[in-house]
Amino acid sequence: MKHDTIVNQPVINADRIVLRPLRRSDQGLIEMYAGDKDVAANTTSIPHPLPPGSIEALIQRAQSEDRMEDIWAMDGTADGGPEVMGVIGLTRVDHGKSEISYWVAPAFWNTGLASEAVRTLIAANPLQSDTIFASVFQDNPASARVLTNCGFQYLGDAESFSVARDAAVPTWTYSLKQS
């Protein structure tokens, strides 16, 4: 039986959720939600359909000591919700710089969950970043509102490749300077 690796990544409490490191038992819920075509299409990295083993590999990478990205589950059990309502991560891009990314399961869209998770993670600033970057697809204005509501400033337009869409998609890029 494989056991979870305990990673040097903090558990961060929010109002309705707890941001906690991924664990093996999250695989089923993450597969169910990330397997949703609309969730995958709003990310750069989630393929659709999900290949077998991809979420297991994601969890293994998230538990690796030499990982480039810290990933947290948005765990709602303390407030009567599911163990995974979405996922949020910080990728190290340079010294003092990171990029935030997130997705929320469709059942929790338009509930303020993404904003709460983003606000909580930037307040905790676990990577001690002086600048946090983010980008969203231009056809996902709800995600752009999450960023601007959390204090991110618009930097410009770009494009990123979406694995699920198998295409380059126009994006808006944002940054947040930490004090």
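Residues numbered from 1 in each chain as written. Predicted model: local features only at pLDDT ≥ 70, side-chain atom pairs only at ≥ 80, totals over all residues. Heavy atoms only, no water.

Asks: Just checking my understanding: could you explain the packing of aromatic side chains for this structure?
Replies: The geometry of an aromatic ring pair comes down to the distance between the two centres and the angle between the two planes. Tallied over the entire structure, the rule returns one aromatic pair. Over the aromatic face of Phe 137 sits the side chain of Arg 165, whose NZ or CZ is 4.7 Å from the ring centroid. (Phe/Tyr/Trp six-rings, centres within 6.5 Å; stacked < 30°, edge-to-face > 60°. Lys NZ or Arg CZ within 6 Å of the ring centre and 35° of its normal.)

Asks: What exactly am I supposed to notice about the side chain of Thr 120 here?
Replies: By the secondary structure assignment, Thr 120 is in helix H4 (residues 113-124). When sequence neighbours within four positions are dropped, the list of residues in contact with Thr 120 reads Ile 12, Asn 13, Ala 14 and Leu 19. (Helix = DSSP H or I, 4+ residues; strand = E, 2+ residues; numbered from the N terminus. Contact = heavy atoms within 4.5 Å.)

Asks: What should I look at first to understand the environment of Thr 44 in this one?
Replies: Secondary-structure assignment places Thr 44 in the loop between helix H2 (37-41) and helix H3 (54-62). Spatially, the C-alpha atom of Thr 44 lies 27 Å from that of Arg 16, the residues being 28 residues apart in sequence.

Asks: Help me understand the sheet that holds strand S4 (residues 86-94), please; the structure alone is not making it clear to me.
Replies: Strand-to-strand pairing in sheets goes through backbone hydrogen bonds, with the strands running parallel or antiparallel. Strand order across the open sheet formed by eight strands is S1-S2-S3-S4-S5-S6-S8-S7, with mixed pairing between neighbours. The sheet is open, and its two edges are formed by strand S1 (12-13) and strand S7 (153-162), each paired on a single side. Summarising the sheet, strand S5 (residues 97-104) and strand S6 (residues 131-137) pair through three bridges and their orientation is parallel. Bridging from a neighbouring strand, Ser 98 pairs with Ile 132 of S6. (Pairing = 2+ DSSP bridges.)

Asks: It is not clear to me how the packing of helix H1 (residues 27-34) against H3 should be interpreted in this structure. Could you clarify?
Replies: Two packed helices can be described by the angle between their axes and the distance between those axes. At their nearest, the axes of H1 and H3 sit 9 Å apart, and the two run at 120° to each other. Classified by the angle their axes make, H1 and H3 are oblique. At the point where H1 passes H3, the crossing takes the right-handed sense. Contacts between H1 and H3 involve Gln 27, Ile 30, Glu 31 and Ala 34 from the former and Ile 55, Glu 56 and Ile 59 from the latter. (Axes fitted to C-alpha atoms, helices over the stretch in contact; angles between N-to-C directions. Parallel < 35°, antiparallel > 145°, perpendicular 65-115°, else oblique. Left-handed = near helix turned anticlockwise from the far one by under 90°.)

Asks: Looking at this model, I keep getting lost on the nonpolar core. Mind explaining?
Replies: A general tendency of soluble globular proteins is for nonpolar side chains to be buried together. Grouped together as the largest cluster of nonpolar side chains are 45 residues, with contacts concentrated most on Leu 19, Met 74, Ile 88, Ile 100, Tyr 102, Val 118 and Phe 152. Per-element tally for this core: the top contributor is H4, with six residues. Excluding residues that lie within four positions of it along the chain, Val 118 makes contacts with Ile 88, Ile 100, Tyr 102, Val 146, Cys 150 and Phe 152. (Core = buried A, V, L, I, M, F, W, Y, C linked by side-chain atoms within 4.5 Å. Buried < 20%, exposed > 50% of the residue type's maximum accessible area, 1.4 Å probe, protein only.)

Asks: In this structure, what is going on with H4? I would like to understand it.
Replies: In an α-helix, one turn spans 3.6 residues; hence positions three or four apart end up facing the same way. Between the first and last C-alpha of H4 there are 17 Å, a value that for 12 residues agrees with the 16 Å anticipated at 1.5 Å per step. Here H4 lies mainly inside the structure; nine of its 12 residues are buried. Taken as a whole, H4 has its buried residues at Leu 113, Ala 114, Ser 115, Glu 116, Ala 117, Val 118, Thr 120, Leu 121 and Ile 122. Positive backbone phi, at 45°, marks Asn 125, one or two positions downstream of H4. (Expected span 1.5 Å × (residues − 1).)

Asks: I'm lost on the pattern of salt bridges in this one. Help?
Replies: Opposite charge on two side chains allows them to pair when their charged atoms are near. A complete count under the given rule lists nine salt bridges for this structure. Among the salt bridges present, the one from Asp 75 reaches Arg 20, with a minimum N-O distance of 2.6 Å. Note that Asp 75 is positioned in strand S3 (residues 69-75) and Arg 20 in strand S2 (residues 18-21), a separation of 55 residues in sequence. The pair Asp 75 / Arg 20 is uniform in exposure class, with both members buried. Between Arg 67 and Asp 70 there is a salt bridge whose closest N-O contact spans 2.7 Å. Exposure remark for Asp 70: the relative accessible area of 2% places this residue in the buried category. One salt-bridge network, in which partners are shared between bridges, spans Arg 20, Arg 23, Asp 26, Asp 75 and Glu 83. (Salt bridge = Lys/Arg side-chain N within 4 Å of Asp/Glu carboxyl O.)

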